[in-house]
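Reading the structure
Take a look at the letters that make up each chain.
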Amino acid sequence: MLSLIRHTITLFIGMARKKINRRQAVKNISLSIGAIGLSGSVAASCVKDKKEKVSDAFQKDLKGNIHHSACRWCYQKIPLPEFAEKGKEIGLKAIDLLKPDEWKTITDKGLDCSLATDTFASITDGFNDPKNHEKLQKQYHKLISEASHAGIKQVIVFSGNRNSISNEYGLEHCAVGLDALVKHAEKNKVTLIMELLNSKVDHKDYQCDHTSWGVSLVDKIGSPNFKLLYDIYHMQIMEGDIIATIKKYSDYIAHYHTGGVPGRNEINDTQELNYPAIMQAIHATGFKGYVAQEFIPTYDDKLKALKEGITICDI
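Note that the coordinates shown come from a computational prediction; the quantities given were computed from them, not determined experimentally.

The rules behind these values
- Residues numbered from 1 in each chain as written.
- Predicted model: local features only at pLDDT ≥ 70, side-chain atom pairs only at ≥ 80, totals over all residues.
- Heavy atoms only, no water.
- Axes fitted to C-alpha atoms, helices over the stretch in contact; angles between N-to-C directions.
- Helix = DSSP H or I, 4+ residues; strand = E, 2+ residues; numbered from the N terminus.
- Parallel < 35°, antiparallel > 145°, perpendicular 65-115°, else oblique.
- Left-handed = near helix turned anticlockwise from the far one by under 90°.
- Contact = heavy atoms within 4.5 Å.
- Nonpolar A, V, L, I, M, F, W, Y, C, P; charged D, E, K, R; others polar.
- Phe/Tyr/Trp six-rings, centres within 6.5 Å; stacked < 30°, edge-to-face > 60°.
- Buried < 20%, exposed > 50% of the residue type's maximum accessible area, 1.4 Å probe, protein only.
- 1 Å grid on protein atoms, 1.4 Å probe; cavity = no way out; pocket = protein on both sides within 12 Å on 5 of 7 lines; lining within 4 Å.
- Points joined across faces, edges and corners; volume = space filled by probe spheres on them.
- pLDDT = per-residue confidence, 0-100.
- Arc of directions from axis to C-beta.

Comments concerning the packing of helix H3 (residues 80-89) against helix H4 (residues 100-107)
It is at 9 Å that the axes of H3 and H4 come closest, and there the two elements cross at 40 degrees. The orientation of H3 relative to H4 falls into the category oblique. In this structure, the crossing between H3 and H4 has a hand that is right-handed. Here Leu 80, Pro 81 and Ala 84 of H3 lie close against H4, whose contacting residues are Glu 102, Thr 105 and Ile 106. Its residues placed into classes, the contact of H3 with H4 shows four nonpolar, one polar and one charged.

Examining the packing of aromatic side chains
On inspection of all chains with the given rule, the structure shows six aromatic pairs. Here Phe 127 and Tyr 140 contribute two aromatic rings whose centre-to-centre distance is 5.7 Å and whose plane-to-plane angle is 45 degrees, an arrangement assigned as tilted. Highlighted residues: Phe 127 in the loop between strand E3 (112-116) and helix H5 (133-149) and Tyr 140 in helix H5, separated in sequence by 13 residues. Per residue, the accessibility class of Phe 127 equals that of Tyr 140, and both read buried. Arranged with centres 4.9 Å apart and planes meeting at 85 degrees, the rings of Tyr 256 and Phe 287 form a pair that is edge-to-face. In this pair, Tyr 256 sits in strand E7 (residues 253-257) while Phe 287 sits in the loop between helix H10 (275-284) and strand E8 (290-293), placing the two residues 31 residues apart along the sequence.

Some details on the layout of surface pockets
The space that makes up the largest pocket amounts to roughly 220 Å³. Considering the residues around the largest pocket, the lining is formed by 15 residues, among which Leu 97, Ile 123, Phe 158, Glu 195 and Glu 294 are closest to the centre. The residue inventory of the lining of the largest pocket, partitioned by class, reads seven nonpolar, four polar and four charged. Considering only enclosed or pocket space, the second largest pocket measures out at about 160 Å³ in volume. Lining the second largest pocket are 13 residues, and of these Lys 227, Ile 253, Ala 254, Phe 287 and Lys 288 lie nearest its centre. Looking at the lining of the second largest pocket element by element, the count peaks at three residues for E7.

Focus on the side chain of Asn 132
Positionally, Asn 132 belongs in the loop between E3 and H5. Looking at Asn 132, the relative accessible area reads 15%, which means it is buried. Setting aside anything within four residues of it in sequence, one finds Asn 132 in contact with Asp 125 and Gly 126.

Quick word on the confidence of the model for the protein
Interpretation of this model should avoid reading the predicted coordinates in detail wherever pLDDT is low. Averaged over all residues, the pLDDT of the protein is 88; the fraction at 70 or higher stands at 81%. Scored below 50 in pLDDT, residues 1-48 shows 20 contacts in the model against residues more than four places distant or in partner chains. Ignoring residues within four places in sequence, the model shows residues 50-55, a span with pLDDT below 50, making two contacts including any to other chains.

Re helix H9 (residues 242-249)
Listed in full, the buried residues belonging to H9 are Ile 242, Thr 245, Ile 246 and Tyr 249. Looking straight down H9, one finds its buried side chains confined to an arc of 100 degrees; they lie on one side. Of the exposed residues in H9, the ones pointing more than 90 degrees away from its buried face are Lys 247 and Lys 248. Considering only its buried residues, H9 is in contact with helix H7 (211-221), strand E6 (226-231), helix H8 (232-238), E7 and H10.

What follows is the structure, given as structure tokens:
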């Protein structure tokens, strides 16, 4: 580019010395400026091509045994279009926990919404309390229909907090409240998944806080369109024995979340879980769904932390 600029300056000097006509001078200058612009475009194109080649190379290095996703809320400071674009470059196939007005943004970037939600979804006020049923049924009925229309396969639901409701009654109330919605989900080829959360550190009093309780609910509902979201971080806090639990209850699990214990940060060797071994166990069950990173990144470069997590889980 510097050589083209020097060439343009030389043209001006030549004009003065040779007194060439104005029309020819303008033509020569225009050609030079156009060449500079073209050179800039070519340079930008080369940078883009190099970036895409690096992205393609990373994608090819991924083994394909784990389908990678990430939870949107952990990266809220990154605009969604940018997060989708850069996330795809580092190996994401999908993004978790998106609302209806966000779905098209990521599908336009070639990603899936691996788990749908909406603003009304409440961890504390869930299906274990009959007073919430009418409102939740109306809201979720609409969300299931919207998800189906958009080609989204999974919608998240929550048990709600105990609020003195016994495990037995909470189980019964959830089954009753979810029954009509599960039937609607079956017709629309959508799976409702209830998340297992810890009630010890993050979500005090949450009822679906042990795998056995969630499994009992799946059995009670008795539909292939109702399963569990096994959050590895939460269940390590509540009960441990992660790999054995995954092996035992793999048929009940439709989705996984990650997170470092303790702290819910990066899943590297700063925490206690052996994520490569856990991913091997998940893969060995024949699991074909998504594993979504749900740790809170501490790195200044949040996407670098996410890429590290994807790499660790890519067995």
